[in-house]
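# Topology and contacts: notes
So the chains spell out like this:
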Amino acid sequence: YGLGPLAVKNLSLLVRGGLIVRRNESSYWFNVPGTAAIYQSCEKAKKEIVAFLKKQKFKEMLEQDMMKKKLRFPKLDLGLSFHIKNMIGSNILCRKYTTSGTLLHFHSSFEENDQ
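Residues numbered from 1 in each chain as written. Predicted model: local features only at pLDDT ≥ 70, side-chain atom pairs only at ≥ 80, totals over all residues. Heavy atoms only, no water.

## Details of the overall build of the chain
Tallying secondary structure elements over the chain gives 4 helices and 5 strands in all. Traced from its N-terminal end to its C-terminal end, the chain shows the element sequence α-β-β-α-β-α-α-β-β. Computed over its C-alpha atoms, the radius of gyration of the chain comes to 21 Å, more than 25% above the 13 Å expected for a compact globule of 115 residues. Along the first, second and third principal axes, the C-alpha set of the chain runs to 65 × 30 × 25 Å. Here the chain, with 115 residues, has 24% of them falling under the buried criterion. Long-range pairs, those at least 24 residues apart, make up 45% of the contacts in the chain with a sequence separation of at least 6. (Helix = DSSP H or I, 4+ residues; strand = E, 2+ residues; numbered from the N terminus. Rg over C-alpha atoms; globule rule 2.2 N^0.38 Å. Buried < 20%, exposed > 50% of the residue type's maximum accessible area, 1.4 Å probe, protein only. Contact = heavy atoms within 4.5 Å.)

This is how it looks when you write it as C-alpha cells:
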C-alpha cells in the first residue's frame, strides 16, 4: 500500500500497544483499552433502569424515587445519576418537570422491544 518502513514500524507499535486494531488488510479501528468495563456497566444499568420503569403503572417515576434505587450490578460504580443522564442523552428517557418533582419516562422514540 505504499507505506514506508517508518509507517509500518509505527503501525506495528500502535497495534502492539492496543491503541489500534486491524479491521482488514487495508484499514484499522482505533481502540481505547479498558473501555469494555464502562460499556458493560452502562448496558447493565440501562436494562435495570428500563425494568424499574416498566414495573410502574404508567411507566414513569419521580427522579428522586429513582435515585433511591440500588443497582444490582455495580461492578463499575458510575452512579445512578450518570446512567440516567446517559439514557436521556441516548433518547431512551425524558424528564418532565412537574409540581411533585422531576418525572422520568420513556422517550417517545424508545421502543420497549429494543431492550
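## A short note on the layout of surface pockets
Looking at the largest pocket, its volume works out to about 190 Å³. As for the largest pocket, its lining consists of 10 residues, of which Leu-3, Leu-11, Arg-22, Glu-25 and Tyr-28 are closest to the centre. When residues in the lining of the largest pocket are grouped by element, the largest group, 4 residues, is from helix H1 (residues 5–16). (1 Å grid on protein atoms, 1.4 Å probe; cavity = no way out; pocket = protein on both sides within 12 Å on 5 of 7 lines; lining within 4 Å. Points joined across faces, edges and corners; volume = space filled by probe spheres on them.)

## Observations concerning the packing of aromatic side chains
What describes a pair of aromatic rings is the distance from one ring centre to the other and the angle between the planes of the rings. As enumerated under the stated definition, the model contains 1 aromatic pair in all. Sitting over the ring of Phe-52, Lys-69 keeps its end group 5.3 Å from the ring centre. (Phe/Tyr/Trp six-rings, centres within 6.5 Å; stacked < 30°, edge-to-face > 60°. Lys NZ or Arg CZ within 6 Å of the ring centre and 35° of its normal.)

## Brief notes about the nonpolar core
Among the nonpolar cores identified, the biggest contains 14 residues, and Ile-49, Met-66, Ile-84 and Leu-93 are the most heavily contacted of them. Of all the secondary structure elements, the ones that give two or more residues to this core are helix H2 (35–54), helix H4 (80–89) and strand S5 (101–106). For this core, the element with the most residues is H2, which contributes 4 residues. Other than its neighbours up to four places away in sequence, Met-66 contacts Ile-49, Phe-52, Leu-53, Met-61, Leu-80, Ile-84 and Leu-104. (Core = buried A, V, L, I, M, F, W, Y, C linked by side-chain atoms within 4.5 Å.)

## A short note on the environment of Ala-36
Within the secondary structure layout, Ala-36 lies in helix H2. With 68 residues separating them along the chain, Ala-36 and Leu-104 place their C-alpha atoms 28 Å apart.

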